[in-house]
Amino acid sequence: MTSTALLPENATDRELITARHLINGEWLGEAGTKRMNPARPGELAALSPSGTAADVDAAITAASAAQPGWATMPAPSRGAILITAGNLLIERQTAIAEDLVREEGKTLAEAKGEVKRASDVLRFFGSLGWAATGEVLPSGLPDTTITTRRESLGVVGLITPWNFPIAIPAWKTAPALISGNAVVIKPAELTPLSATHLARALQDAGLPAGVFNVVHGKGRVVGDALARDPRIAGLSFTGSTNVGLGLQEILNARRARVQLEMGGKNGVLVLDDADARKAAKVVAAGAFGLTGQACTATSRVYVTPGIRSAFLDALTEEAAAYTPGDGMDTDGPDAVRMGAVVSSQQHAQNTAAVRSAVERGATLLSGSAILDETHDGDADRPLFFPAAVLTELPFDDAAVTEEIFGPVVAVLEVADYEAGLAAINDSRYGLTAGICTDSLARATDFAARAQAGVVKVNRPTAGLDLNVPFGGVKDSSTNTFREQGKSALDFFTWGKTVYTGV
Ligand code: NAD
């Protein structure tokens, strides 16, 4: 265990891997829930407490008491705390990334990149403490000026998934805090350490007690209590569509603000005029990077007839290069390029999705080991999963329509551009969509007509910049408020118009 930058030098191994609730500036809770390393059977990755409704109540009480003082602190001072916290994350980057690999499974390079992203997000929103937020507008009345202001919501709830266990908490927390809100966050049960590192950085940066609170535990207990508490003025959730839609009903019932970022089934259209090898690299990075465990991952590809064969050959070759293994083994000739699957449940879900597609007649071009019985996960085997390329399957096959959340991509042939665009849009989801083409006209038309919140031209569907809006349409998102970039501030504030006469 290497998180020595975060705890006293004499901390024991057990302390190093123990997450606790953070309520009113105090680390609390009996850490009885074990999280095992998905790449190393039998190795404990983290211990965390399982919170109760009473813990949520205490956290919201602390946040309610701290919020007015925080909101009246000058915005540049609030921003300075976020920037300091961002700097601390970078100082601690390797230690945090190693904890992240142990509890989530991704590669060390990916985890370091994620910690850097969390740091940049804190620094970006911290710098907005100096930015003007309102407008001055003319009035039709004499001697009158109109100004607009953005006011904090108050106490906000955040519920986050395991797949970006520090970046997603950071990209919700930073806009919430710079806007003067206090936060209660419920991180995913599988990844309690990463959110704890974020909390420590904020605390060490001087954030006043009670402004940021963490309650670990089960979604049905802690998440539900958070959503139902009338003191929560807004809830921002990232996770599966089913859970998100249930939370929306709870928040809508009391007309509280809710932001949902949910599932995806992101498609890429590869046209004859594209370079087959480049397109295969774009698709492979989107489909197999992060072990396919990204809401923006590519999971279906439509190819036109002239490039189909060359593209499939190139993609199969790319897939073979995504060696799955322990995310810590990133050096040397056999360096791992794809980390472990997060849980045995997710591993079984990936396996079942591939096997049932093959039983229905699909061809598996890469990842044949998945069909082998010895592949099945059990307590003694690491949760590794090869990159899988499926083809020869119908458009309405479950592997083409339902989110798998693993390194599995289905490739289907379409007659032409119009048929491909229609196939891309024929989905309940609309998070990201991509096109590989050399035609500016096609790319421009696709950007306009693709039903997705993010469109990528000749770039992987996964991978986002932090300074621009992010979110989906259809069942991928509430499609009201965007995350990231300055747009993220809209969810965490409400608008006021002030008429001032002299
Ligand atoms: P999940 O929905 O199971 O869990 C997400 C969070 O919700 C966790 O903290 C969980 O404990 C909590 N939760 C579960 N049930 C709850 C309930 N009844 N009430 C309140 N909270 C509850 O999702 P996951 O398995 O952690 O993450 C994978 C999913 O997240 C995928 O569907 C993926 O597409 C989605 N995701 C979306 C985005 C995006 O930005 N659109 C980003 C990452 C992941």
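The rules behind these values
Residues numbered from 1 in each chain as written. Predicted model: local features only at pLDDT ≥ 70, side-chain atom pairs only at ≥ 80, totals over all residues. Heavy atoms only, no water. Phe/Tyr/Trp six-rings, centres within 6.5 Å; stacked < 30°, edge-to-face > 60°. Helix = DSSP H or I, 4+ residues; strand = E, 2+ residues; numbered from the N terminus. Buried < 20%, exposed > 50% of the residue type's maximum accessible area, 1.4 Å probe, protein only. Domains from an automatic or database assignment. Buried area = accessible area lost by both parts, 1.4 Å probe. Salt bridge = Lys/Arg side-chain N within 4 Å of Asp/Glu carboxyl O. Polar contact = N/O pair within 3.5 Å; in protein donor to acceptor, adjacent residues only side chain to side chain. Nonpolar A, V, L, I, M, F, W, Y, C, P; charged D, E, K, R; others polar. Near = heavy atom within 4 Å. Areas by Shrake-Rupley, 256 points an atom, 1.4 Å probe, with all protein chains shown as cover.

**Quick look at the packing of aromatic side chains**
The relation between two aromatic rings is expressed through the spacing of the ring centres and the mutual angle of the planes. Applying the stated criterion to the full structure yields seven aromatic pairs. Here the aromatic rings of Trp162 and Phe405 are separated by 5.4 Å at their centres, their planes lie at 80°, and the arrangement is edge-to-face. With Trp162 in the loop between strand S7 (155-159) and helix H6 (167-178) and Phe405 in the loop between helix H13 (398-401) and strand S16 (408-413), this residue pair connects regions lying 243 residues apart in the sequence. With a relative accessible area of 15%, Trp162 lands in the buried category. You can call Phe405 buried: its relative accessible area is 16%.

**Digging into the domain arrangement of the protein chain**
According to the domain assignment, the protein chain contains domain 1 (52-262 + 477-501) and domain 2 (266-466). Using only C-alpha atoms to locate each centre, domain 1 and domain 2 end up separated by 31 Å. At the boundary of domain 1 with domain 2, total buried surface from both sides reaches about 1900 Å², with 62% on carbon and sulfur atoms. Where domain 1 touches domain 2, the interface holds zero salt bridges. Seen at the junction of domain 1 and domain 2, the total is six residue pairs in polar contact (both at pLDDT 80 or more). Broken down by secondary-structure element, the contributors of at least two residues to the side of domain 1 that touches domain 2 are helix H4 (93-104) and helix H5 (108-127). When grouped by side-chain class, the residues that make up the side of domain 1 that touches domain 2 number eight nonpolar, six polar and nine charged.

**Some details on the site of the ligand**
Contacts to the ligand come from 28 residues, most closely from Thr160, Glu189, Ser240, Met262 and Glu403. In this structure, an oxygen atom belonging to the ligand sits 3.4 Å away from a main-chain N or O atom of Gly239. Residue Glu403 places a side-chain N or O atom 2.6 Å away from an oxygen atom belonging to the ligand. For the ligand, whose accessible area on its own is 850 Å², the fraction buried by protein is 87%. For the shell around the ligand, the elements supplying multiple residues, two or more each, are helix H8 (219-228), strand S10 (232-238) and helix H9 (241-253). Top contributing element to the shell around the ligand by residue count: H8, with four residues. A per-class count over the shell around the ligand returns 14 nonpolar, eight polar and six charged.

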